[in-house]
Structures are given as C-alpha cells and as structure tokens.
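Okay, here's what each chain looks like letter by letter:
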2 protein chains.
Amino acid sequence: MKRTHKCGELRPENKDQEVILSGWIKSRRDLGGLIFLDLRDRSGFVQVNIEPDAGEELMSLGNSLREEWVISVKGKVRCRPENMINKKLPTGAVEVVVQDLKIENKARPMPFNLDDDKVNEEMRLRYRYLDFRRPALTEKMVLRHRITKTLRDYFDDQNFLEIETPILSKSTPEGARDYLVPSRVHPGQFYALPQAPQQYKQLLMVGGLERYFQIARCFRDEDLRADRQPEFTQVDLEMSFIDEEDIYSLLEGLMSRIMKEVKGIDIPTPFQRLDYFEAMTRFGSDKPDTRFGMELINLEPALKNSEFKVFADTLANGGRIGAINVKGGNKFATNKTIKEWTAHAQLYGAKGLATIQVKEDGSWKSSITKFLKEDEVAAITETANLEVDDVLLIAADSFTTSCEVLGQLRLHIAKQTDMIPEDQWNYLWVTDFPLLVQDEETQDWHAMHHPFTAPHESDRDKMQSDRGSIRARAYDLVLNGCELGGGSIRIHDTQLQSEMFDALGISQEEAQHQFGHILDALAFGAPPHGGLALGLDRMVMLLTGASSLREVIPFPKTAKASCLMTQSPSPVSDDQLEELSIKTDVKEKSE
Amino acid sequence: MKRTHKCGELRPENKDQEVILSGWIKSRRDLGGLIFLDLRDRSGFVQVNIEPDAGEELMSLGNSLREEWVISVKGKVRCRPENMINKKLPTGAVEVVVQDLKIENKARPMPFNLDDDKVNEEMRLRYRYLDFRRPALTEKMVLRHRITKTLRDYFDDQNFLEIETPILSKSTPEGARDYLVPSRVHPGQFYALPQAPQQYKQLLMVGGLERYFQIARCFRDEDLRADRQPEFTQVDLEMSFIDEEDIYSLLEGLMSRIMKEVKGIDIPTPFQRLDYFEAMTRFGSDKPDTRFGMELINLEPALKNSEFKVFADTLANGGRIGAINVKGGNKFATNKTIKEWTAHAQLYGAKGLATIQVKEDGSWKSSITKFLKEDEVAAITETANLEVDDVLLIAADSFTTSCEVLGQLRLHIAKQTDMIPEDQWNYLWVTDFPLLVQDEETQDWHAMHHPFTAPHESDRDKMQSDRGSIRARAYDLVLNGCELGGGSIRIHDTQLQSEMFDALGISQEEAQHQFGHILDALAFGAPPHGGLALGLDRMVMLLTGASSLREVIPFPKTAKASCLMTQSPSPVSDDQLEELSIKTDVKEKSE
C-alpha cells in the first residue's frame, strides 16, 4: 500500500483511476450503511467512501476507525453527482470508493478539538504537533518556507554568499542581555549566544567576501512582550563598495520578488523615502503607517505669539505644539471617548491633551478657547483645516513627546474607526536617523544604532560640537507601520571610529578592550561597507496576516520563555553542573 | 568612483572600455618609472598600471600605496602585447591604465604573508578575516554556498518544507554531553543546545508536515579531535509514508545534482548497497572505501580443521580467521614494514598478526608454516590467490576485531602504497545495521543508532530472545570510505516502542520520564516515517578536497573549543551570573 496520489490533489480528471492514499481521518460520518471519511494529508483532504459492495470485512474494519487514525486506502476515483458537488472544496467534485484499507496507526482521542479555533493557546503549544494538523498553522509554515526560499534565490542571483557564523559566540557589553553558555574546557569562562552576527559580518567584509547574507538565528534574554521571542530569525546582509542607494534598490528588488511570489502582488518601486525628521513631524513615528492620512499638524505658526502660558512655555523651551484632526470625529466622540484618548496620550508621556470639538453650528467646544485670540482661532482653523464635526487633538510638549504622543493617537484612533485599508502594502524607507541620542537622566550619549554606524560626511565636524544633530547613514525598512528591519553604512576608517568613541565618551583603552578584534580588523584595510538586517519572523507574520509571532515560529516559547511541549528549560543533574564548573545559586524569593 | 566592473572579469573584449574597479592591492612592482599593481577583489585580480602620462600627482599618489590598501581606480582597459600575456591568469591578456585613483582605506602591514601557505594555523585563525583574503579559503566558502544552495533547491523541488527548530532546547540524558544555557526567568533551570533536531523532526511528522528538511546547527560538548567542532551543521530530513527505497532514491538524486552542479561530474545511480555484514566481511568497515580492491579474505574454509592452536581456538570460540593479500607486497615490504603493519594492527585491538611472504621461488617466509598441513597451505594459496611476491596478513580474533583490524590495515597499506585513485567518487549505502549492541564490560544493551530506530519486521520476534541479531532499518551513506550521514526508518507504533524499551532494559516509567512528549506524540496517530541526517561540514570538506573541517567552517574553533579571533569563551561579570542564578565553581587543579 504505497501511496500514489495526495488527498488534496484529486480532481474529476482522475476519474476511474485506481489510487492509493495515506493520511489522517479528519472526520467520519455513517449514513445508511455507508461510511464517509474525510482523509487528510498535507495537501488537503478528500472524501473516501466505504460502501457495502466492498464486503463485510472492509465494512467492519471501516466501523472500527476513529478520528485522527492513520490509514492507507486503495480505491477508485468517482465523480460526485452534480447536486452533491461541494464547490468550496478543491476536491469537492470527487470521492474515492475504497477497495482496500490498511490501518497504519491508531490514535488516542485528541486532547482538544482540532477544528476549534478558540482552543486556548497553552493547550495548543503543549501539543504543538497536533496543532500542526490545523491547515491554518501548516499553511503559515508553507508560506514561511516559500518566503525564505525566495529570499535565498534572490540573494544567490545577486551574487551573495550565504555564510554561517558561530552560535557559540562571545559576550559583549553593549546591547541586550546575553544568553550565556558555560565552557567545560575553560572553567569559569562562558560563550554567549549571538544577539546578531554584526561583528562577524563586518569582519567578512574586511576579509573581502564583499556580499554576505545569512538567515541567522539570534538570541536576546529580554523580558518578553507579546511580539518577542528569546530566539528569533534574522535576514542578515552586508556589502562592500556600496552606498545607501545600493541597499535600497537591493531590498526593493527583494521585497518585490517576495510579494510577487508569495502574494501575487506587484508593488511599486522605488519605495517612498522619509527622513527621520519628516517621519516624526508628519506621522509622529519613525515607522510611519502611510496607509491612511490624519497626518500631524504643526500649530507653531498659528500660535507663535500665543499668550496662553502652556503654549508660550512650550515654544520658549524649543518644544512643539502639534495636533491631529479627527475628521468628523465629533459625530461619534463622546466625553468618554475624549477621556479615553487623553488617557492613551498620557500612556505615551503627554501631560495632557487639549481638544477642540467643532459643533454643528461651527462653534467650538474646547477648554482652551478662552485663552486664544481671534486670529489664533482663525489660524488654527485654517492650518488644521477644521470643519464642522472635526475633533482637533493638541499635544504641546518637547518635540519628541509631542510627535510620539500624536503618532500613537493617530494609530489608535485609526484602528478604532477602521481607517486602515487591509489590502494595502505600504513599503517605505526612513532615513537619516540621529547618530547619537542623549539619555535624559544621565546626560550620557549613546549610539542610536551601534557605535560602528557612519555619520553623514557633512555632519562629521559636529562630532564634538553638536552631537545631537549629527545624521547617521542609517535606514529602516518599514511596512504598514511596522519596522521590517534596518541597517547602516558602517565606519570603515579608524580615525573616524576613534572620533565616534570620543563622542560616546568611551576611552581608547576601553574601546580596545570591548571591540579589540574589530578595531584591529578595520586597521588592516577595511573596504567601505554597509548592510541591513530584517526580522524574518515579523516579515512572515505580516505577510501571512498572523496575529502573533508564535503563529509563524514552528516551536515558539511562551512569554516566560518556556517550551510547553518539551518542558524546557528544566533542572539538570549535579554532575552536569560540576563538569561545567558552575553551581546554581537560587535566591529564595520572599513572596 | 563607483565600481563598474569586477577585477577578475576583465577580458580582451573589454578593450578600450573605461572601467572603475575597487579592491585590495595584492602586490606592487615598480619598473622604470612605471607602477604595476595587482588589484584584487572577490572575483580575482587584474594588473593595473600607473604610467607617467597620468601626471605627477597620480604617480606620487601611486608611490604612496602599500600592499592590502583599499583603492578605487578609474582607467582604460588595454590589451597586453602578445609576448606579455600571462596565460595562467584569466585576466592575463589585459591591463588597466589608470586615469584616476582614490585611496579608500590604508592598511597596517599584514601580520603574516597572505601568499604563504605555510603560515601556522593559529595565526590564521586569530586573523581569520585576513585569511579570507587567500583565494583558496574564499573559494571553499563559495563552494559551500553553492552546495547548500543546490541542496535547498533540490529539497524544494521535492516538496520538502524547510522548518526551523529551536536552538534553546531541552537537555536529554542520552547521547553526547550537552551544552547548557542557564535560564534567568526560571532560576536553577537550563536549556540545552540541540545535538540534533531528532525529536522535533519526528514531532513534525506526527503533525502531518510529511516532508521536512533543515540545514541545522547542532552542538556536542565532546573532547575535540581533528575532525570535530563543538558546533556543526547538519542536513536534516524526515519523511512520512515512505520506506528505505524512498530515502535511497531521494539521496541519490541529491548527490547526483550536487556532483553535477559543483564538480561537473555525472555519478552513476543507484548507488551500490552493502549490508552491514557484507561491508564488515569484505572491507572490515561499516564505511567501506571501494575505490580499490584488497578485500578481506575468509580463511575459515581453508583452516576449519587446523590443529594450530591459535586458529583452532579462534574458530571454536565463534571468531574469524581473516586475511588481506597485499599483492606484490614482498617487493617493498622489509622486516621494518611488517613490524609497522603489526603495530598498526595492534592499535586496533589485534593481539598479533600472522604473515606469509611469498618469495621469488614460490616458497613462504612465515612463522606459521610449521603449524600448517600441506593441504592447508594449498587451500590458503588458492583461497587468497597467493602468488609470487604477495604478502598475506592474517588476523584471527573475534569477528569484529578480526574484520576491523584488517579493514584498518587495508586502508593504511592502500594509502602507503598509493593504491587509492584520487578522482573517483564511490558512493554507497551500508544497510541493515544491528539494532542493538551489547557493552562488553557492563553487558548492557544499547541502541546502535537511537531507541526510535525500527527493527526489520521479520526480526521483531527476536526482541527478547536474540537481541544481537536483530537488524535495524538503518542506513548510512558513505563516500570514499567516509560516512556522509545516516538515518533510519523510525518506530511509529507505541507497542513496538515499548518492546524496544524492554529490550534496552528501560522501564516504562523511565521511558516516560525521558521521552514523555515523543511517546505521547506517537500515541496520537504517528504516520510511518523515517529520515536521515548528513554532515554538511564533512561533505563540503570531501567535495572541496580540504584537509580539515576548519577549512570549510567560516569561523571555526580550535581543538580546545576556543575562537582565537574573538577570544571566546571569556570571563563574564558577576552581575551577569547573579541574574542567571549561577556561580562559577572552579576547582584548583593540582598540576
């Protein structure tokens, strides 16, 4: 009984063929002495009939069958009568009449109903191998495979080499928390699992490999949120003798090919480009969702002479008075709605939210009207294009807070009011990120990306004098308001690298201690180079329409970084620890 | 100065074209006011001339250049005069006359001569990024990429899904030593890095994925030999509803495609098949090298009535009297040679080695002649096809020791005497391995592969009565005497799995504790399935002719599991350890 066909591929063209199928019994119905089975394999399912003609023995075998048992059947394909055709199913026009049947394996009753989409996730994760029997999950695995295959084909066509970098790597002080691996051969020493192959890929450029890519596993021991996993997969690439334009056109070609291959959609290229400043001022985000409007409005011109203290102080301190206009919002925004929006704004750091609701008669309902002069009211009306039923939400704060708060409100309200078209794929580049950002508390300067990111040549003279305004040669690729990935042109010059460490307040000794091998490498003839990393899990999630990363990772972990299926992590033996020269040191928690 | 061409691709067809090249100065020669540079990029190198016509400024810039500096040049392609053509170089018929030049980066003097193949490996590993500038190393990376790309294309064509399994996995008691990763969220608990995705791939089959493959990183914390690395890459696959024949033809198709694509060679299929017993008796190895003869000879028929105590005892104990005939060996085998062969045999467990040297006159030089009857001498001569100048090496011992010793001698002497043709690619299958092997010391039975390997159905009745003779449905793929990989058809039936644990002396409780989730999974409707894993590093090593795994792994570790480039493993901070609830516990070593 060796299978000749897949369940899901049978069609009326197979009429009268003798086929052998293997798979799982998805369901079973008995009807007037007939047994109907839906037999399922990876390709889909088809109806299989055991009919009295097959003889008593087969009927009795058929009667013993249960759901999710594994069987092989030999039978003849028959077309269903016109009125019995199930047009919703690819195999709905045929059925297989069984001549022979073999039970390959029995199955215990399932711990949950495989067809029920509402089963709790914990149960699904514990029995992940059963969850795979749901076509919705398996289809995501198929699409993930398709996407990575397309990626690899594309990079191969573009003369890239896929090169594997180590998982047993070195702990570095920057970045997120490392996962550590104790060394047995070197007692007291540890490997770290890589957070990204960043240093290796730059070293490959120094080595002259020129075009590297890898679909690389990365690890971060961070407190998990809904959209994070302790291990994740990154599409990592680096190129030599290139500039930003090469990266942009490479990635635009890649995403076009993936969209075409996986979704059958032609997307327009080149992608829109927004520099960081424009993205923040228009969308209040460094990953703007441009599928809808409601862009941020700058009220400074309208209010530059305002005597209202809040506005005047904001502008005097170099802050920003921004707003968004919820067109027609007054038709549905109750007091409760406005309150909820204000709370949402506060969540993102706003001290408060000024609101103007334009009533049917054109008059304003607003607590700030009394502080505004007549020409200011007119100017606001014009600048914000305020019309009857509009609601204007105003955030006066530091530049960043004002923009971010409005950006978050913009997204929040758009979702609430179904403003976001589902079938649009807006790819864009955000460019020219700040090179350095200052910690408001400690006043320390940090690299916004990492200390190897190159500044714009024309901003190099500000490395000491005006660190906050240096633009990095860094870019992010954004899809529908999600960051797919990002990268930068790197520093390849040791002198510039020194200046960068100076600007970060890192001494040359400290730099040598932390990044010795990469600084050495730069001094041995590093070519101009740059690269990018894409989050593969996120990309697959967006392209499959999944609602969480756990749906696109074959064996995901929970928010507590556990695998419910294998019960990992788990205790290990004392012998194992002794060999590794470590001891556990668990502090009692006072609960 | 954005490059238009690669150095290695310029040909006479490019004559008179203006090109921009970027790369590293491989070498520089000055000759009568001319400067000749060899400019190298990943594609190769080409000669670049700076000639006085270019002007003083360019000449002086040219004079400042040093080896391994990174430059871009603009220039015109010129054909070399007939007598100056270097036919050994792909670009040997052209040169580029420089019109403009930009120094992209300077370089410190190299720590070793890149062209010198004799530089010690430690130095190369420390500066791996410079070692990549040797074309010999980079070519192996290119070939590795080519091989993995071909693999992926093939499996995709065959309807396999590449599915990523976790690196943060669970520690299991069987197999080699695990690398452990302490969990921060679950104090006192550990993840393990996977030794292979064995259990995950079987779970995927239970989930109905049917055809899984992965190019997977695996980890074993073992004491390293020359041909081992702490992390290595495995081509891992599993299929449902198949038998051995499907695996064989799948892999034969794969290797054919790789050989064609990578080496341009058509290899014959199907591959030869030898069962374990035949491999051992003919070649003394479960991974026979069939590129040469000198097969093992069974002398039992010739000596079954021998009165020589050593032979008689061997046969009485169920052992074996085997031999190999080194044809014409007496022409070069001195007493010293024979002594060295005997020592080699002892290395593999032989108590001694009986030898017969056939002299020019047909008489024997042998210490055992005196124990042999005339008809035995005749029988040996005939069985072993003994002729003038032959040397017969006889090992009488247990079956396994006799075979293994002769197998090792066969290889050793073949190498010594250049019997192995270099340009042959002998692929073969070794099948029907023993399912269970007994530890000679403890008398315990172990699974030769793993406890999920299926026995031949016809041997199932021996699961208790005759464990040593049960044949497993296990197979190895062998190339030129090296094991490329292996696998088996798995047990998919819980009853049979129970019998297997019984045969191994593992109680059901213990089995449930160790393998609970996979035993559960088998009970929920596991399909018949089987698979295989190939060592990718080994395969690349064989196909590239590399002499060590370190030459085909981009960033390898030393025999002490260290990365000399990044100085990993390394100490970490106490804070890091405290967060992970562990302490180091390094015992002072008394040296």
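Each chain has its residues counted from 1, running along the sequence as written. Chains carry letters from A onward and ligands carry numbers from 1 onward, assigned in written order. Per-residue local features are limited, in this predicted model, to residues with pLDDT of at least 70; the limit for side-chain atom pairs, both in listing and counting, is 80 or more; totals at the level of whole chains, interfaces and linings are taken over all residues. Calculation of side-chain values draws on the structure's entire complement of heavy atoms; hydrogens and water are dropped beforehand.

Topic: the packing of aromatic side chains
Aromatic contacts are taken between Phe, Tyr and Trp rings whose centres are within 6.5 Å, Trp giving its six-membered ring; a plane angle under 30 degrees counts as stacked, one over 60 as edge-to-face, and the others as tilted. Evaluation of the coordinates by the stated rule reveals 42 aromatic pairs over all chains. Ring geometry for A:Y179 and B:Y191: centres 6.2 Å apart, planes at 85°, overall edge-to-face. Within this pair, whereas A:Y179 is found in the loop between β6 (161-162) and β7 (180-182), its partner B:Y191 is found in strand β8 (residues 190-192), the two belonging to separate chains. Assessed through its relative accessible area of 1%, B:Y191 is described here as buried. A ring pair is formed by A:F277 and A:F399, whose centres lie 5.5 Å apart and whose planes are at 5°; its orientation type is stacked. A run of H or I in DSSP becomes a helix once it reaches four residues, and a run of E becomes a strand once it reaches two; helices and strands are each numbered from the N terminus. Three exposure classes are used, based on accessible area relative to the maximum for each residue type with a 1.4 Å probe and protein chains only: buried under 20%, partly exposed in between, and exposed over 50%.

As for the pairing of strand β1 (residues 18-31) of chain A
All names here are of chain A. For two strands to be treated as a pair, DSSP must find no fewer than two bridges joining them. When β1 meets strand β4 (residues 70-79), the two strands line up antiparallel, connected through seven bridges. Bridge pairing links I20 to K74 in β4. Relative to strand β2 (residues 34-41), β1 is paired through seven bridges, and the arrangement is antiparallel. By the bridge assignment, L31 is partnered in β2 with L34.

Considering helix α9 (residues 309-316) of chain B
Residues and elements named next belong to chain B. Along α9, the positions that sit buried rather than exposed are F311, T314 and L315. For α9, the angular spread of the buried residues around the axis is 90°, confining them to a single face. Projecting away from the buried face of α9 at angles above 90 degrees are the exposed residues K309 and A316. Elements in contact with the buried residues of α9: α8 (300-303), β13 (320-326) and β16 (391-397). The arc under discussion is defined with respect to the helix axis, by the directions toward the C-beta atoms. Any two residues having at least one pair of non-hydrogen atoms within 4.5 Å are treated as being in contact.

Regarding the pattern of salt bridges
Should a side-chain nitrogen of Lys or Arg be within 4 Å of a carboxyl oxygen of Asp or Glu, the pair is scored as a salt bridge. Under the criterion given, the structure shown has 111 salt bridges over all chains. In this structure, B:R184 engages A:D221 in a salt bridge whose closest nitrogen and oxygen atoms are separated by 3.1 Å. Taken together, the residues B:R184 in the loop between β7 (180-182) and β8 and A:D221 in the loop between β9 (211-219) and β10 (231-240) connect one chain to another. Here B:K201 and B:D236 are joined by a salt bridge, their closest N and O atoms 2.8 Å apart. One end of the pair, B:K201, is in helix α5 (residues 198-206); the other, B:D236, is in strand β10 (residues 231-240), with 35 residues separating them in the sequence.

Details of helix α10 (residues 335-347) of chain B
Residues and elements named next belong to chain B. One fewer than the residue count of a helix, multiplied by 1.5 Å, yields its expected span. Relative to the 18 Å expected for 13 residues at 1.5 Å per residue, α10 spans 18 Å between its end C-alpha atoms, a close match to the ideal helical length. Regarding α10, the residues found buried are T337, I338, W341, T342, H344 and A345. Down the axis of α10, the buried set is contained in an arc of 160°. They therefore lie on one face. Residues of α10 that are exposed and angled more than 90 degrees away from the buried face: N335, K336, K339 and L347. Phi for G349, located one or two positions after α10, is positive at around 105°.

A few points about the relation of the copies chain B and chain A
Each of the two copies of the chain can be brought onto the other by a rotation about an axis and a shift along it. Alignment of the copies relies on least squares applied to C-alpha atoms, considering only residues that score at least 70 for pLDDT in both. Least-squares fitting of chain B to chain A yields an RMSD of 0.2 Å, with the superposition described by an axial translation of 0.0 Å and a rotation of 180°. In short, the pair behaves as if placed about a two-fold rotation axis. When the interface residues of chain B are mapped onto chain A, 100% of them again lie at the interface, so the same face is used by both copies.

Concerning the domain arrangement of chain A
Partitioning chain A into structural domains gives domain 1 (7-105), domain 2 (135-268 + 533-557) and domain 3 (292-420). Relative to domain 3 of chain A, the C-alpha centre of domain 1 of chain A lies at a distance of 63 Å. Domain delimitation in this document rests on an assignment produced automatically or drawn from a domain database.

A short note on the interface of chain B and chain A
Taken together, the contact pairs 124 residues of chain B with 124 residues of chain A. By definition, the buried area sums, over both parts, the 1.4 Å-probe accessible area that each loses when the two are put together. In terms of surface lost to chain A, no three residues of chain B exceed B:R42, B:E164 and B:F524, which account for 8% of the buried area on that side. On inspection of chain B and its partner chain A, the count reaches 23 salt bridges. Among the salt bridges present, the one from A:R3 reaches B:E210, with a minimum N-O distance of 2.4 Å. It is helix α4 (residues 135-157) of chain B that contributes the most residues to the side of chain B that touches chain A, nine residues altogether. Its residues placed into classes, the side of chain B that touches chain A shows 55 nonpolar, 29 polar and 40 charged. Sheet topology note: the strand β23 (residues 582-584) of chain A/strand β23 (residues 582-584) of chain B ladder contains three bridges and is antiparallel. Residues are grouped as follows: Ala, Val, Leu, Ile, Met, Phe, Trp, Tyr, Cys and Pro are nonpolar; Asp, Glu, Lys and Arg are charged; all remaining types, including Gly, are polar.

As for the environment of A:D444
Residue and element names in this part refer to chain A. Relative to the helices and strands, D444 is located in the loop between β18 (436-438) and β19 (445-447). Taking the C-alpha atoms as reference points, D444 and G505, 61 residues apart in sequence, are found 8.0 Å from one another. Sequence-distant contacts of D444, defined by excluding residues within four places in its chain, comprise V437, Q438 and D439.

As for the UniProt feature "binding site: ATP" (unreviewed entry) in chain A
Residue and element names in this part refer to chain A. UniProt positions are given in the numbering used here, feature names are shortened, and annotations may be inferred rather than shown by experiment. Feature annotation in UniProt places "binding site: ATP" (unreviewed entry) on R220, D221, E222, Q229, E483, G535, L536, D537 and R538, given in this structure's numbering. Here G535 shows up in strand β22 (residues 529-535). For G535, a relative accessible area of 25% gives the class partly exposed. If near-sequence neighbours (up to four positions away) are discounted, G535 is found in contact with T233 and L484. Apart from the residues within four sequence positions on either side, R538 is in contact with D227, E483, L484 and L549.

Describing the sheet that holds strand β6 (residues 161-162) of chain B
Sheet strands line up and pair through hydrogen bonds in the backbone, either parallel or antiparallel. All names here are of chain B. Reading across the sheet, the eight strands line up as β6-β9-β10-β22-β21-β20-β17-β11 and stay open at both edges, with mixed pairing between neighbours. Unpaired on one side and paired on the other, β6 and β11 (272-275) mark the two borders of the sheet. Pairing of strand β17 (residues 427-431) with strand β20 (residues 474-479) involves five bridges; the strand directions are antiparallel. Residue pairing for β20: W429 is matched across the bridge by L477. Sheet contacts for α5: β9 (211-219), β10 and β22 (529-535); angle to β10, the most-contacted strand, approximately 20°. Relative to the sheet, helix α15 (residues 536-544) contacts β9, β10, β17, β20, β21 (482-489) and β22, its axis offset from that of β22 by approximately 50°. To obtain an axis, a line is fitted to C-alpha atoms, over the contacting stretch when the element is a helix, and the angle between two such axes runs from 0 to 180 degrees between their N-to-C directions.

Topic: the pairing of β4(A)
Sheet analysis places β4(A) next to strand β5 (residues 94-105) of chain A, joined by 10 bridges and oriented antiparallel. Looking across to β5(A), one finds that A:V77 is bridged to A:V96.

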